[in-house]
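The residues making up each chain are set out below.
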Amino acid sequence: MEPSRRPRRFRIPGRAVLDNITARLVAVVALGLGTILVARVGGAEDVGLLALLRVVPGLVGVLAACGLPGAMGYFLAGPHSADRRLWPSILVVLVAGMGLGVAAWMLLLPVIHHFLFPATSTLVMLLAGVSVGTQLPLAVVKSSLQGLDDRQGSNVVTAAEEVAFLPAFGIAYLVGLRGPLLLVVVLIVADVVVAGAGWVRLVRKVHGRGMRMTGQPDRGLARSIVTFGLLGQVGGLVNLLNLRLDFLILGSLAGPAPLGIYAVASKFAELVRLPALAVTWVSYPRIAQLGPEGSANLVRRQVPWLVGLGIGGAVVLGLAANPLLPALYGQEFLASVVPAAIIAVGLVASPAGGLASGYLLGTRRPGTNSLLQTVGLVATLGLDLLLIPTFGVVGAAVASAVAYLVTDLSALLVVRRLTSGVP
């Protein structure tokens, strides 16, 4: 009688998650150092401006490309990975997105300038439009390397996009650039250098697999990429709004200085999200390769310890905020301590929520993921408008904390239902 075989147990590769967390931690440390430099040179107002310059142009570019970065993991790791028309179709979407994004920025320049960057010059706003076209290729190459299972390359790009800011800032400062012009030039230079190196590696990787980036694109395949990207981008956009809508509302209502205080608090607390981002990044293409049974098995076994990880991380960061933030950024940023602790509490479920997002994307449910992100956005918008006018920075922190919890818990409940009937 042949012995029965145990079902294969799938798990998230721990080394891959740890490597990605390390890369993200390097990026966060570099971002922190860069923020300290900006705070010491230009104060809280320049910190707030830097936060907007990082977020708004990148958002415009990803929207114009129909969420292309978010679709790369599925198409490069899933059933379309061997299609020779894939890369020509991807490049058509990328180039079109870059052109459309820059054109949209220039068309909307008066509105963006008036509401988000009222104190900056026209030259800075024009250069910010150029950064729409530099941030998008960087986002695409990073997600492409991960989709091709080049975790080392993806991790290097993840870390380098923040590390490159530091030498670029130093050189630009030494040549005499100051204020908003300094910030936007540094961001563009860092994007170009890192994206260029990443694309060189990506081309070699693609050619090494016997694929080519040149050729005739396929309209149907491009349409599938755009459709997946759009469905996923609704969630990506909503998630970004969940993360940064408070930036936009606080900046427009209170000005750059309070925004700078809040940006420091938010970035510090969001260290709790590093495991969540790493888990989504690693699990998404892996789940795309697994069947329903393997994916469900992975999720059920990994969620409990990820919840514990989130709770532990939130406690540590909440306690560390008081001594660290004023020491690093100056006494002006003592006001960041309470908001940082509040946001950290709201992120206790984020590592487990990251696995839930990876499951939904990897099983081709980007629309479901987007719908769940919308639940959090509704909470964010309502609470931001209710709390920020009265409570300012602390109100924005409470709104973000509630939105994070609502989004993560909703995703976990849905994924639990989807996997409950799978053996």
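Provided above is the structure to which this section pertains.
This report concerns the structure included in the present document. Since the model is a prediction, treat every value here as computed from it, not as a measurement. (Residues numbered from 1 in each chain as written. Predicted model: local features only at pLDDT ≥ 70, side-chain atom pairs only at ≥ 80, totals over all residues. Heavy atoms only, no water.)

Once that is clear, we can look at the pattern of salt bridges. Under the counting rule described, the total for this entry stands at 6 salt bridges. Close ionic contact of arginine 85 with aspartate 218 constitutes a salt bridge, the shortest N to O distance being 2.9 Å. On the criterion of sequence distance, the pair formed by arginine 85 in the loop between helix H2 (68–77) and helix H3 (86–107) and aspartate 218 in the loop between helix H8 (179–208) and helix H9 (219–254) is long-range, its members being 133 residues apart. For aspartate 218, a relative accessible area of 21% gives the class partly exposed. Its salt-bridge partner being aspartate 150, residue arginine 201 comes within 2.8 Å of it at the nearest N-O pair. Here aspartate 150 lies in the loop between helix H5 (122–147) and helix H6 (151–163) and arginine 201 lies in helix H8, a separation of 51 residues in the sequence. For aspartate 150, a relative accessible area of 6% puts it in the buried group. Within the structure, one salt-bridge network assembled from shared partners comprises Asp83, Arg85 and Asp218. (Salt bridge = Lys/Arg side-chain N within 4 Å of Asp/Glu carboxyl O. Helix = DSSP H or I, 4+ residues; strand = E, 2+ residues; numbered from the N terminus. Buried < 20%, exposed > 50% of the residue type's maximum accessible area, 1.4 Å probe, protein only.)

Our next topic: H6. When the terminal C-alpha atoms of H6 are compared, their 18 Å separation across 13 residues agrees well with the 18 Å that a helix rising 1.5 Å per residue should span. Regarding H6, the residues found buried are Gly153, Ser154, Asn155, Val157, Thr158, Ala159 and Glu162. (Expected span 1.5 Å × (residues − 1).)

The next subject is empty space enclosed by the protein. In the structure shown here, the tally under the stated rule is 1 cavity of 30 Å³ or more. Lining the largest cavity, in full, are Val38, Val41, Gly42, Asp46, Phe169, Gly179, Leu182 and Leu183. Contributions of two or more residues to the lining of the largest cavity are made by helix H1 (14–64) and H8. Among the elements that take part in the lining of the largest cavity, H1 stands out by supplying 4 residues, more than any other. Its residues placed into classes, the lining of the largest cavity shows 5 nonpolar, 2 polar and 1 charged. (1 Å grid on protein atoms, 1.4 Å probe; cavity = no way out; pocket = protein on both sides within 12 Å on 5 of 7 lines; lining within 4 Å. Points joined across faces, edges and corners; volume = space filled by probe spheres on them. Nonpolar A, V, L, I, M, F, W, Y, C, P; charged D, E, K, R; others polar.)

Moving on: the packing of H2 against helix H11 (residues 274–289). Following both chains from N to C, one finds H2 and H11 inclined at 35°, their axes separated by 8 Å at the closest point. Where H2 crosses over H11, the two elements pack in a sense that is right-handed. Residues Gly70, Ala71, Gly73, Tyr74 and Ala77 of H2 pack against Tyr284, Pro285, Ala288 and Gln289 of H11. Residue composition of the contact of H2 with H11, by class: 6 nonpolar, 3 polar and no charged. (Axes fitted to C-alpha atoms, helices over the stretch in contact; angles between N-to-C directions. Left-handed = near helix turned anticlockwise from the far one by under 90°. Contact = heavy atoms within 4.5 Å.)

Once that is clear, we can look at the packing of aromatic side chains. What characterises a pair of aromatic rings is the spacing of the ring centres plus the angle enclosed by the ring planes. Summed over all chains, the structure comprises 6 aromatic pairs. Considering the side-chain rings of phenylalanine 169 and tyrosine 173, the 6.2 Å spacing of their centres and the 10° angle between planes classify their relative orientation as stacked. Within this pair, phenylalanine 169 and its partner tyrosine 173 are both found in helix H7 (residues 165–174), separated by 4 residues, close to a single helical turn. Phenylalanine 169 gets classed as buried once you look at its relative accessible area, which sits at 4%. What makes tyrosine 173 partly exposed here is its relative accessible area of 31%. Here the aromatic rings of tyrosine 329 and phenylalanine 333 are separated by 5.6 Å at their centres, their planes lie at 50°, and the arrangement is tilted. Phenylalanine 333 sits in the buried class, given a relative accessible area of 1%. Members of the aromatic cluster, connected to one another through ring pairs, are Tyr74, Phe75 and Phe228. Sitting above the plane of the phenylalanine 165 ring, arginine 54 keeps its charged end 5.2 Å from the centroid. It is arginine 178 that lies over the ring of tyrosine 173; its NZ or CZ is 3.6 Å from the centre. (Phe/Tyr/Trp six-rings, centres within 6.5 Å; stacked < 30°, edge-to-face > 60°. Lys NZ or Arg CZ within 6 Å of the ring centre and 35° of its normal.)

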